[in-house]
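Here is what each chain is made of, one letter per residue.
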Amino acid sequence: MSDINPRLRDRFAAYRAETISQIAGPGPDQARRTLRRRRQARAVAVAVTAIALAVAPIVANAALRDDGSVPVPAQTGEPTTPPTSAPAPTPSTPLTPSTTRTTSPAAPDGRISRAQLLGTPVTLPAWRAGPGCPTSKVRITADYRDEANWLLALDHGDVDGDGAVETVALVQCVLGTRGPMQVVAFDRDEEGKVVTLGRVVATTIDKPQWLFALDVVDDGTVRVQVGDIAPGGGWSSEWSQRQWRGYRWKGEAFTQVSGPTTFGTNKHDVNLVVTSSDLALTTAPDGSRTGTVTVRIRNGATGPAAYVALRLGLPAVIRPDGDGWAACRNDPQTTREPVTCDLNRLEGGKEVRLTLGFRVAADATVGTGKADVDARPMDAAFDLVEEVYGVDNKVVITYR
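Residues numbered from 1 in each chain as written. Predicted model: local features only at pLDDT ≥ 70, side-chain atom pairs only at ≥ 80, totals over all residues. Heavy atoms only, no water.

S.K.: Can you lay out the overall build of the chain for me, pointing to particular residues and giving the numbers?
M.R.: Of the regular secondary structure elements, the chain holds three helices and 17 strands. Across the 400 residues in the chain, those meeting the buried criterion constitute 34%. Long-range pairs, those at least 24 residues apart, make up 58% of the contacts in the chain between residues at least 6 apart in sequence. Surface accessibility of the chain: about 23800 Å² in total, with carbon and sulfur atoms responsible for 53%. (Helix = DSSP H or I, 4+ residues; strand = E, 2+ residues; numbered from the N terminus. Buried < 20%, exposed > 50% of the residue type's maximum accessible area, 1.4 Å probe, protein only. Contact = heavy atoms within 4.5 Å. Areas by Shrake-Rupley, 256 points an atom, 1.4 Å probe, with all protein chains shown as cover.)

In structure tokens form, the structure reads like this:
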């Protein structure tokens, strides 16, 4: 074979030079630059990973503290703080824990034990006008003492709707055998000090005159068992009408939200007082003996007697006579020793006067003696009712 034509060789040489310049790989300088960039990228990635591992426990602990949980103690060992030469990354959004964060601080815990309440000076809402007990920075007592604030009952519940528990107490200002009472709600401030939230309900001179019990239910309602008339002075607590009434916190004060608002008539709220003249019998033209007694029955209480049972313990030969018995609901002529007369309703503060005639037949003999005149209140079912002071319900008269 002969050598390649010089012109063709020149063409190949030119083509090779042009093609090699386009497809040639990087030289040593470019390779070093590429390797240096890769090493820098790897170093940055390692630093970022180390920072993330170090920051994660700190962020988690901070989040737990914001959430109210106890932070996990830091582990001992090698420090996890990233090198100062590698700047910490700035995330575009704040890191948040998996649980929901509280946007406002939790309300103080207002659960106060009996011992804590007895041992802490408190301020009570003012007692009603008149002689009373102190209210400013006083200690509630556990025992019954005159002119002291006596703790009778205690309960707990979220009464103001802030998500934390408060304390509700029944307190009495002891004055002799009675004294006013009130139910008071207590809480704690942000410093943990006991503060007075407000009065739930209090006794009054009218009604209710007594508070028997309290109960805080799940929805925050404070239920108080109130009584119409205060026991003591001869009044049994069993005679008091009792009602459960509910109260809710309305932002500034407690308001009744359930239960009755008034009391009905208390059958024991009555005090009959009886007076009567003696019975002096005189001989009538027909030979019989006649006479009258004047009986006065007064209701000295505020409540009414539904009915009044009048009894006159005269001998059976002394019989009712005349029109004075017209006020009786029954027929006194059918009764014997005692003679009875059932009267209608007698309002509080009112009285009834009766002039009752008697007759002894001409062939009957009656001497001189003593007889009881007795008046007792009855309820709507005509059952006898106990009253506070029964001594003045009866008098003794002489007949002759």
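S.K.: Describe the sheet that holds strand β14 (residues 339-343), naming the residues involved and giving the relevant values.
M.R.: Taken together, four strands build an open sheet; the order of strands is β14-β12-β16-β17 and the sheet is antiparallel. Of all the strands in the sheet, the pair left with one neighbour each is β14 and β17 (394-399). The average undirected angle you get between the axes of adjacent strands in this sheet is 20°. Here strand β12 (residues 307-312) pairs with strand β16 (residues 369-378) via six bridges, running antiparallel. (Pairing = 2+ DSSP bridges. Axes fitted to C-alpha atoms, helices over the stretch in contact; angles between N-to-C directions.)

S.K.: Mind laying out the nonpolar core, listing which residues take part and the relevant values?
M.R.: Among the nonpolar cores identified, the biggest contains 30 residues, and Ile297, Leu310, Leu312, Leu314, Ile318, Leu356 and Phe358 are the most heavily contacted of them. The set of elements that each furnish at least two residues to this core consists of β9 (272-276), β11 (289-299), β12, β14, β15 (351-360), β16 and β17. The element that contributes the greatest number of residues to this core is β15, accounting for four residues. Judged by nonpolar contacts, the second largest core, of 21 residues, contains Val200, Leu214, Val224 and Phe254. (Core = buried A, V, L, I, M, F, W, Y, C linked by side-chain atoms within 4.5 Å.)

S.K.: Can you explain the state of the cysteines? Please cite residues and give values.
M.R.: Taken as a whole, this structure holds two disulfides when the rule is applied. At a sulfur-sulfur separation of 2.1 Å, the disulfide partner of cysteine 133 is cysteine 173. One quick way to see it: the torsion about the S-S bond of cysteine 133 and cysteine 173 is about 90°, and its sign makes the bridge right-handed. A residue pair is termed long-range when its members are at least 10 positions apart, and cysteine 133 in the loop between α3 (114-118) and β1 (149-157) and cysteine 173 in strand β2 (residues 166-173) qualify at 40 residues. Sulfur-sulfur distance for the disulfide between cysteine 328 and cysteine 341 comes to 1.9 Å. The chirality of the disulfide connecting cysteine 328 with cysteine 341 is left-handed, given an S-S dihedral of about -105°. On the criterion of sequence distance, the pair formed by cysteine 328 in the loop between β13 (318-321) and β14 and cysteine 341 in strand β14 is long-range, its members being 13 residues apart. Given the relative accessible area of 11%, cysteine 328 is considered buried. The class for cysteine 341 is buried, based on a relative accessible area of 0%. Regarding the disulfides, the chain carries the connectivity 1-2, 3-4 under sequence-order numbering of its bonded cysteines. (Disulfide = S-S within 2.5 Å.)

S.K.: So what's going on with the pairing of β2? Residues and values would help.
M.R.: Where burial is concerned, most of β2 is hidden: eight out of the eight residues are buried. Pairing of β1 with β2, which is carried by eight bridges, proceeds in the antiparallel orientation. Residue leucine 154 lies in a different strand from β2, and its bridge partner there is alanine 169. Summarising the sheet, β2 and strand β3 (residues 181-188) pair through six bridges and their orientation is antiparallel. Paired with leucine 170 across the strands is valine 183, a residue of β3.

S.K.: Would you mind going over the pattern of salt bridges in detail, with residue names and values included?
M.R.: Using the criterion set out here, one finds twelve salt bridges in the structure. Residue glutamate 191 is joined to lysine 193 by a salt bridge in which the shortest nitrogen-to-oxygen separation is 3.7 Å. The same class applies to glutamate 191 and to lysine 193, which are both exposed. Among the ionic pairs, lysine 267 bridges to aspartate 379, the shortest N-O distance being 3.7 Å. Of this pair, lysine 267 sits in the loop between β8 (254-258) and β9 while aspartate 379 sits in the loop between β16 and β17, and the two are 112 residues apart along the sequence. Using a relative accessible area of 42% as the deciding quantity, one classes lysine 267 as partly exposed. (Salt bridge = Lys/Arg side-chain N within 4 Å of Asp/Glu carboxyl O.)

S.K.: So, the confidence of the model for the chain: which residues are in play, and what are the values?
M.R.: Here the chain averages 82 in pLDDT, and 74% of its residues register 70 or above. Taken as a whole, residues 19-36 scores under 50 in pLDDT and shows one contact with residues more than four places along the chain or in a different chain. Note on residues 41-104: pLDDT is under 50 here. Beyond four places in sequence and across chains, it has 21 contacts. (pLDDT = per-residue confidence, 0-100.)

S.K.: So what's going on with the sheet that holds strand β6 (residues 222-227)? Residues and values would help.
M.R.: The strands making up a sheet associate through hydrogen bonds between their backbones, and the pairing can be parallel or antiparallel. In spatial order, the strands read β5-β6-β7-β8; together these four strands make up an open sheet with antiparallel pairing. Pairing within the sheet leaves two strands with one partner each, and these edge strands are β5 (210-216) and β8. Pairwise comparison of adjacent strand axes, ignoring direction, gives a mean angle of 35° for this sheet. Two elements, strand β7 (residues 242-249) and β8, share four bridges in a ladder whose sense is antiparallel. Its bridge partner being in β8, tyrosine 247 is matched across the sheet by glutamine 256.

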